[in-house]
Amino acid sequence: MCNPVRSLAVWAALLGVTVVLGLVGESQRVLTIAIQTFMLAALASSWNILGGFAGQISLGHAAFFGLGAIVTRELWLGGMPFVLSVVAALVVVIVAAGVVGVPLLRFRDIYFAVGTLAMGVAVSLTIGNVRPGVSSLPVGALREYTFAGPYFLALGVLVVTVVVSLWLRHSKLGLGMMAVRDDEQAAGAIGVSALGHKMVAFVMSGALAGLAGASFAYFSVSYYPNFPFHVVWTFEAILAVFIGGVGTIAGPVIGAAFFVVGRDTLPSGIGEFQVVMFGVLFIVVVLRLPGGIVEGAERLLDRSGLVRRGAGLSGQESAGATDEKGV
Amino acid sequence: MSRLILQSAVSGLLVGGMYGLVALGLALAFGVLKVLNVAHGELLMLGGYAAFFAFTTWGLDPFVSLPLVFAALFALGVVLYQVLFRFVTRFDVETRIKNSLLLSFGLVLILQALAVRFFTADERTISTSYSSMGFTVGLVRIPLVRLAGLIVAVIAAVALEWLLRKSRFGHAVRATAEDWTRAALTGIDVGRVYLVAFAISAGLAAMAGSLIALGYSVSPSIGLGWTLKALIVVVLAGLGSMRGLVLAGLFLGLIESLAAVWVGGPYREVVALVVFILVLSLRPQGFFGRAHV
Amino acid sequence: MLAVEALEVAYGDLQVVWGASFEVPERSIVAILGSNGAGKTTTLLALMGLLPSIGGSVTFKGESLIGVPTHVMVERGLVMIPEERPTFATMTVADNLAVGAHARRARALRDQSLREVLEIFPVLAERLGQPAGTLSGGERQMLGLAKALMARPDLLVLDEPSLGLAPIVVESIFDVIRSIRDRGVSVLMVEQHVEMTLDIADHAYVLELGRIVADGTSAELASDTRVRDAYLSP
């Protein structure tokens, strides 16, 4: 089933490449794309913990991304040392996730999805009302701005998220989450607390999203404070997860890379139609290839005989496939 | 102070009528097809734009163009069903809901992006000769166009109820909504019921959009906000129940408005969220729903 | 009227019915007997197109039913009453009967069908305005039958009509089934109650673990020692 040594080797190699790029890379465009990929990949991976492992579809994920961003930004621009701001943001996000999770996680499936959507939109609109003005880095910081800091922060957050995901995948906690995903009642029958596992998944997922938000706050020069709360971030995260392969570890990262790079390399004349294309691709994935790129790649490798069955890119089968039952 | 409260209450009721109308279409699609279309608000938005352009290009009064707008989005609903949602109906209920949720989420951004591209991001409002007219009852001012919207909402709800209770098609719809297997065994073409029900739901969204363009405003990004309110109304009334949607809508609008006076305007969106959580926690079957769904 | 040959049905990878062949002639009651899990309901669902069959042929009035949508089968005169939920519980008795005549072939004769059906089941006439869910088990089964008759079927398929009903009620239901046959509608019924069923059936098949293991007239089967030992009480 799992080939941890092989997976770790691949991840380590990837990490090495990205670190080198961060140290020697000169092109602003490449660095920007990389940072955006890291952020989306971290956001997507964090969503995957709740949606892919624990099976709870949250449509309000951006709320935690935005919360992490706004707390970090306001404290940092207000004079607090950056690291402290991030820590404070993390604490705030964890508490918020805990508070919001208590009522919301009691709801099953569609009610949960709608509840999180409501939360996301409510928070997004409220922040827009309460903080309408642009948030910009002060002139001094602007002059000293380099890509190095944001690059390695974003990369660091992604590494943390991936490591957490890897650990979860092989841990008892993670298995409990997946048991809840597959059959909540059955899980309860064998002593796995559904609410408890969902809660942990929700808080972990939110916390990591908050960290990704902190990296957004560090990277972005000037933006409207409600932007990181916008539902488009949730959508892009879910898009990346599904296109890459929901429930896998590599999936969200691959999907994020695919999306960010794809969006950047498409000719600019297409404009909004990019969104249309990705939307269509997403729909195709949901209907036809629930395992995303990871599943597609595994099938191809399977057929070519290069790789033994089951030892795919992430070392595991993709989860989250849809059931066709009955009529 | 009491004038503010009364005016807020009235405004809340008026917008609540719109919430109810939007909820009507959403509940129809969900109740019959067991499909959750979060892009319902985008269909509303497109209907609003259709009415707007019918007005600015051909001078058609929005009440006159209502049936046209309905027909236009009905047609779009047919297309969306055939191309997209039809495939979701293969699955069992749980998977249907999850997949349609994801699918329509994708549709939300596609339609929004297209709208920005073709209509620009500007807010539009239909300004007719009577747009600023209203009448004053005591301390309270009632805008004519919004009141008309509420009236249309009530008429639509009554008409839909009549259709479902009395017509042959309505019987087929109710049978399919309860048990599609049994419905097929009764000789009902379930696929066709799904198609028409979904298209009607799109048409209803369009009607709401038209009235909203007249009484409030439309822009490419309004969709999700309205969908959300509609979802909350559907849950308040009780998933699977068509009756009492307008009432639940009025309730939500009223509570929202009054609470906004209390907590302050910028936080009014949070009120709806809190109402949602409270009702679901205390009375999961909604006001009018059955204990089981 | 109905001829099924070598029907094979599977749930995904698991095959449940193997090479089942049976037929229902005009004006007769044919029974498929078997205990729980024998595959009776599966066979019927495959017959009605609600489950895909992976082999065999089904011919109704000379035309093949493979690939035909369920509601079209009803249009052709083949109507099935499922085992659970024979009615629409949230709709009134009157609405249930009305929707029973949904098919085009039955629409024009709706009023006449209604009169006939209320003659057969007078108890329903008293409950027209009630939601079907408030009826007793036996009344619901009757409503299910009445609703099916509203579709003016040529062949009625019943899945365990006696399930969960008191013996007296079962007797009256079976009487009705007999009179349905006498009016010219063939009946295919699937049952666990072997004795009572053999009483009214003209011909019967025995289904065991997905295969037909015996078939013959009721008299033949009643005297068949295997059947007696396995299914008939001492």
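The rules behind each value
- Residues numbered from 1 in each chain as written.
- Chains lettered and ligands numbered in written order.
- Predicted model: local features only at pLDDT ≥ 70, side-chain atom pairs only at ≥ 80, totals over all residues.
- Helix = DSSP H or I, 4+ residues; strand = E, 2+ residues; numbered from the N terminus.
- Buried ≥ 20, exposed ≤ 12 C-beta atoms within 10 Å, placed from the backbone.
- Pairing = 2+ DSSP bridges.
- Contact = placed C-beta atoms within 7 Å.
- Axes fitted to C-alpha atoms, helices over the stretch in contact; angles between N-to-C directions.
- Right-handed = clockwise from strand over helix to strand, strands pointing away.
- Nonpolar A, V, L, I, M, F, W, Y, C, P; charged D, E, K, R; others polar.
- Domains from an automatic or database assignment.
- pLDDT = per-residue confidence, 0-100.
- Expected span 1.5 Å × (residues − 1).
- Core = buried A, V, L, I, M, F, W, Y, C linked by C-beta atoms within 7 Å.
- Left-handed = near helix turned anticlockwise from the far one by under 90°.

1. A closer look at the overall build of chain A
For step 1, the next point in the chain: The secondary structure content of chain A amounts to 14 helices and 2 strands.
For step 2, the next point in the chain: In chain A, which comprises 327 residues, the share counted as buried stands at 50%.

2. Here we look at the sheet that holds strand β4 (residues 53-60) of chain C
All names here are of chain C.
For step 1, the next point in the chain: A sheet is described by the order of its strands in space; here 4 strands give the open sequence β2-β1-β4-β5, paired in antiparallel fashion. What marks the edges here is a single partner per strand, and that holds for β2 (14-24) and β5 (63-64).
For step 2, the next point in the chain: On the sheet, helix α1 (residues 40-47) packs against β1 (2-11), β2 and β4 and is oriented at approximately 110° with respect to β1.

3. Comments concerning the pairing of strand β7 (residues 155-159) of chain C
Regular strands place their side chains on alternate faces of the sheet.
All names here are of chain C.
For step 1, the next point in the chain: Extensive coverage of β7 is indicated by the burial of 5 of its 5 residues.
For step 2, the next point in the chain: Every second residue of β7 is oriented toward a common face, with L155, V157 and D159 on one face and L156 and L158 on the other, all of them buried.
For step 3, the next point in the chain: The pairing of strand β6 (residues 78-81) with β7 spans 4 bridges and is parallel. Considered in β7, the bridge of L78 is made with L155.
For step 4, the next point in the chain: Sheet topology note: the β7/strand β8 (residues 186-191) ladder contains 5 bridges and is parallel. Following the sheet pairing, L158 is matched in β8 by M189.
For step 5, the next point in the chain: You can see the chain leave β7, run along helix α8 (residues 167-182) and come back into β8, and the turn it takes is right-handed.

4. With respect to the interface of chain B and chain A
For step 1, the next point in the chain: With 41 residues of chain B in contact, the opposing surface of chain A contributes 39 residues.
For step 2, the next point in the chain: Counting residues per element, the ones that place at least two in the side of chain B that touches chain A are α3 (62-88), α4 (93-119), α7 (180-185), α9 (223-237) and α11 (268-282) of chain B.
For step 3, the next point in the chain: At 17 residues, α4(B) tops the list of elements feeding residues into the side of chain B that touches chain A.
For step 4, the next point in the chain: Along the lines of polarity and charge, the residues of the side of chain B that touches chain A split into 29 nonpolar, 6 polar and 6 charged.

5. What to know about the domain arrangement of chain C
All names here are of chain C.
For step 1, the next point in the chain: Domain boundaries assigned for chain C yield domain 1 (1-77 + 153-234) and domain 2 (83-152).
For step 2, the next point in the chain: Each of domain 1 and domain 2 has a C-alpha centre, and the two are 23 Å apart.
For step 3, the next point in the chain: With 14 residues of domain 1 at the interface, the matching set in domain 2 holds 12 residues.
For step 4, the next point in the chain: Elements that contribute at least two residues to the side of domain 1 that touches domain 2 include exactly α2 (70-76), β7 and α8.
For step 5, the next point in the chain: Counting residues per element, the side of domain 1 that touches domain 2 draws most heavily on α8, at 3 residues.
For step 6, the next point in the chain: Its residues placed into classes, the side of domain 1 that touches domain 2 shows 9 nonpolar, 2 polar and 3 charged.

6. Some remarks on the sheet that holds β6(C)
Residue and element names in this part refer to chain C.
For step 1, the next point in the chain: In space, the 6 strands of this open sheet follow the order β6-β7-β8-β3-β9-β10, with mixed pairing throughout. Each edge of the open sheet is held by one strand with a lone partner, namely β6 and β10 (211-217). Averaged over all pairs of adjacent strands, the angle between their axes in this sheet comes to 15°, without regard to strand direction.
For step 2, the next point in the chain: Pairing between strand β3 (residues 29-33) and β8: 5 bridges, direction parallel. The partner of I32 across the bridge, within β8, is V190.

7. Here we look at the pairing of strand β2 (residues 140-143) of chain B
All names here are of chain B.
For step 1, the next point in the chain: As paired strands, strand β1 (residues 134-137) and β2 are joined by 4 bridges and run antiparallel to one another. Residue pairing across strands places V137 opposite V140, the latter belonging to β2.
For step 2, the next point in the chain: Between β1 and the antiparallel strand that follows it, β2, lie 2 residues; G138 among them carries a positive phi value of about 65°.

8. Regarding the confidence of the model for chain A
For step 1, the next point in the chain: Summarising the model, chain A shows a mean pLDDT of 82, and 89% of its residues fall at 70 or more.
For step 2, the next point in the chain: Predicted confidence for residues 307-327 of chain A stays below pLDDT 50, and this span has 58 contacts to residues more than four positions away or in other chains.

9. Focus on helix α1 (residues 2-33) of chain B
Residue and element names in this part refer to chain B.
For step 1, the next point in the chain: For α1, which comprises 32 residues, the first-to-last C-alpha distance of 45 Å matches the rise-based estimate of 46 Å (1.5 Å per residue) to within 8%.
For step 2, the next point in the chain: Of all 32 residues in α1, 23 are buried, a share of seventy percent or more.
For step 3, the next point in the chain: In the stretch just after α1, K34 is the one whose phi turns positive, near 60°.

10. Some thoughts on the nonpolar core
For step 1, the next point in the chain: Core analysis: the largest hydrophobic core is formed by 287 residues, its most contacted members being L43(A), A118(A), V22(B), A206(B) and V233(B).
For step 2, the next point in the chain: Mapped onto the domain boundaries, this core takes at least three residues apiece from domain 1 (1-77 + 153-234) and domain 2 (83-152) of chain C.
For step 3, the next point in the chain: In contact with A118(A), other than residues within four places in its own chain, are L228(B), I232(B), A272(B), L273(B) and F276(B).

11. Remarks on helix α7 (residues 137-150) of chain C
All names here are of chain C.
For step 1, the next point in the chain: For α7, spanning 14 residues, the distance from its first C-alpha to its last is 20 Å, which sits close to the expected 20 Å at 1.5 Å a residue.
For step 2, the next point in the chain: Taken across its 14 residues, α7 has 12 buried, putting it largely inside the fold.
For step 3, the next point in the chain: Buried within α7 are the following residues: E139, R140, Q141, M142, L143, G144, L145, A146, K147, A148, L149 and M150.
For step 4, the next point in the chain: Residue R152 follows α7 closely and has a positive phi angle near 50°.

12. A closer look at the environment of N129(A)
For step 1, the next point in the chain: The topology assignment puts N129(A) in helix α5 (residues 109-130).
For step 2, the next point in the chain: Separated by 50 residues in sequence, N129(A) and G79(A) place their C-alpha atoms 24 Å apart.

13. Some remarks on the packing of α9(B) against helix α10 (residues 245-263) of chain B
All names here are of chain B.
For step 1, the next point in the chain: Contact geometry for α9 and α10: axes closest at 9 Å, N-to-C directions at 115°. In this structure, α9 crosses over α10, and the sense of that crossing is right-handed. When α9 is examined against α10, the residues K229, I232, V233, L236 and A237 are found in contact with a partner set consisting of L245, A248, G249, F251 and L252.
For step 2, the next point in the chain: Across the contact of α9 with α10, the residue classes break down as 8 nonpolar, 1 polar and 1 charged.

14. Overview of the environment of G262(A)
Residues and elements named next belong to chain A.
For step 1, the next point in the chain: When you line up the elements, G262 lands in helix α12 (residues 250-265).
For step 2, the next point in the chain: Overall, G262 belongs to the partly exposed group, with 14 C-beta atoms counted inside 10 Å.
For step 3, the next point in the chain: Residues G262 and F278 lie 16 residues apart in sequence; the distance between their C-alpha atoms is 9.3 Å.

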